[in-house]
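Read off the chains here:
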Amino acid sequence: MGEQLTTSAEALRLFFTEDIYLVNSEDQILSAAQPELKSAPVIEVVIPVVEQQIPVINAVVAEVKTPAAEAVVFKYLGKNQKNILILVNDPGNDVSTDKGKELLRNIVKALQLTANDFALLNYAAYANTGFEELKSFFNSKLVFAFGVTPLHLGLGDQPLNEIIMQGTAQLIFSANLDQLADDQTGKKTLWGSLKKLSI
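Residues numbered from 1 in each chain as written. Predicted model: local features only at pLDDT ≥ 70, side-chain atom pairs only at ≥ 80, totals over all residues. Heavy atoms only, no water.

A. Geometry of the overall build of the protein. Of regular secondary structure, the protein possesses five helices and seven strands. The linear arrangement of helices and strands in the protein, starting from the amino end, is α-β-β-β-α-β-α-β-β-β-α-α. Evaluated residue by residue, the protein yields a buried proportion of 30% over its 199 residues. Intrachain contacts of the protein at a sequence separation of at least 6 include 70% that bridge at least 24 residues. Of the roughly 15,000 Å² of accessible surface on the protein, 54% is carried by carbon and sulfur atoms. (Helix = DSSP H or I, 4+ residues; strand = E, 2+ residues; numbered from the N terminus. Buried < 20%, exposed > 50% of the residue type's maximum accessible area, 1.4 Å probe, protein only. Contact = heavy atoms within 4.5 Å. Areas by Shrake-Rupley, 256 points an atom, 1.4 Å probe, with all protein chains shown as cover.)

Below, the structure is given as structure tokens:
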């Protein structure tokens, strides 16, 4: 074999897988697999341990209360002393047209009621308000609904100009005051029902 090209112990280990022993002049046996190591000075390295305080985040689950639907405050005429609710449905007027207001005055007068006895509410300003909410607010025992249908109030289909019972409350549904003023048959049927009321 020719001259050795490398003297690197690591490279030679790849070629020579068996242990090789060298005998030097002092008759010491050295193992090529375990070369003699020279001891280097020991350097002690001290790595400081830094304690870092990690903030502890206590997860606080706050109960979020959604505001309950605020109770509607109704703007109405009268004092409601007898718990009688008169509903009208006229988006163009506070109550109704002149002939509609005249008809309402005649009905109220025929029932011997004053403004202190009832609450007059224009339902057009409170569309989608149900019967239970109205009854709860006004504590209604009697409800006259002119131009407000039972479906508006969340009730089933009911006949017009007749007394119906909803729990302890009496209800009468009729046409809009302005239309009813010109409807002789409707007024006659309504008048018959008004006579049967116990106020």
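Back to the text.
B. Local environment of the layout of surface pockets. Of the pockets and cavities examined, the second largest pocket occupies roughly 250 Å³. The wall of the second largest pocket is formed by Lys 75, Tyr 76, Leu 77, Asp 94, Val 95, Leu 120, Leu 121, Asn 122, Ala 124, Ala 125 and Tyr 126. Class assignment for the residues of the lining of the second largest pocket results in eight nonpolar, one polar and two charged. (1 Å grid on protein atoms, 1.4 Å probe; cavity = no way out; pocket = protein on both sides within 12 Å on 5 of 7 lines; lining within 4 Å. Points joined across faces, edges and corners; volume = space filled by probe spheres on them. Nonpolar A, V, L, I, M, F, W, Y, C, P; charged D, E, K, R; others polar.)

C. Here's a closer look at the packing of aromatic side chains. Counted under the stated rule, the structure contains seven aromatic pairs. Seen from their ring centres, Phe 74 and Phe 138 are 5.5 Å apart, and the 35° between their planes marks the pair as tilted. Here the residue Phe 74 occupies a position in the loop between strand S2 (29-31) and strand S3 (84-88), and Phe 138 occupies one in helix H3 (residues 131-138), the gap between them amounting to 64 residues. Residues Phe 74 and Phe 138 agree in their burial class; the two are buried. The interplanar angle of 75° and the centroid separation of 4.8 Å between the aromatic rings of Phe 137 and Phe 138 together place this pair among those described as edge-to-face. You can call Phe 138 buried: its relative accessible area is 1%. Three or more aromatic residues joined by ring pairs form one cluster here, namely Phe 74, Tyr 76, Tyr 126, Phe 137 and Phe 138. (Phe/Tyr/Trp six-rings, centres within 6.5 Å; stacked < 30°, edge-to-face > 60°.)

D. View of the pairing of S3. Among the five residues of S3, five are classified as buried, and the element is accordingly described as predominantly covered. Side chains Ile 84, Ile 86 and Val 88 of S3 all project onto a buried face; the interleaved residues Leu 85 and Leu 87 project onto the opposite face, where all are buried too. In terms of strand pairing, S3 meets strand S4 (residues 118-122) through five bridges, oriented parallel. Bridge pairing in S4 places Ile 86 opposite Leu 120. At this point the chain moves from S3, through helix H2 (residues 98-110), to the parallel S4, and the crossover so formed is right-handed. Of the pairings in the sheet, the one linking S3 to strand S5 (residues 142-146) comprises five bridges and is parallel in character. Opposite Ile 86, over in S5, you have Phe 144 as the bridge partner. (Pairing = 2+ DSSP bridges. Right-handed = clockwise from strand over helix to strand, strands pointing away.)

E. Examining H2 more closely. If you check H2, its first and last C-alpha atoms are 18 Å apart, about what 13 residues at 1.5 Å a residue would give, namely 18 Å. Just beyond H2, the residue with positive phi is Gln 112, at close to 55°. (Expected span 1.5 Å × (residues − 1).)

F. Up close: helix H5 (residues 184-196). Its 13 residues place the ends of H5 19 Å apart at the C-alpha level, agreeing with the 18 Å of an ideal helix rising 1.5 Å per residue. The set of residues buried in H5 consists of Gly 186, Leu 190, Ser 193 and Leu 194. Relative to the axis of H5, the buried residues are bounded by an arc of 105° and lie together on one face. Of the residues in H5, the exposed ones pointing more than 90 degrees away from the buried face are Gln 184, Thr 185, Lys 188, Lys 195 and Lys 196. Buried residues along H5 sit against H2, S5, strand S6 (163-166), strand S7 (169-174) and helix H4 (177-180). The N-cap residue of H5 is Asp 183: its side-chain oxygen and the backbone nitrogen of Thr 185 are 3.4 Å apart. (Arc of directions from axis to C-beta. Polar contact = N/O pair within 3.5 Å; in protein donor to acceptor, adjacent residues only side chain to side chain.)

G. Region of the structure containing the side chain of Asn 80. Residue placement: Asn 80 occurs in the loop between S2 and S3. What makes Asn 80 buried here is its relative accessible area of 11%. With residues near it in sequence (within four places) discarded, Asn 80 still touches Ala 115, Asn 116, Asp 117, Phe 118, Ala 119 and Phe 138.

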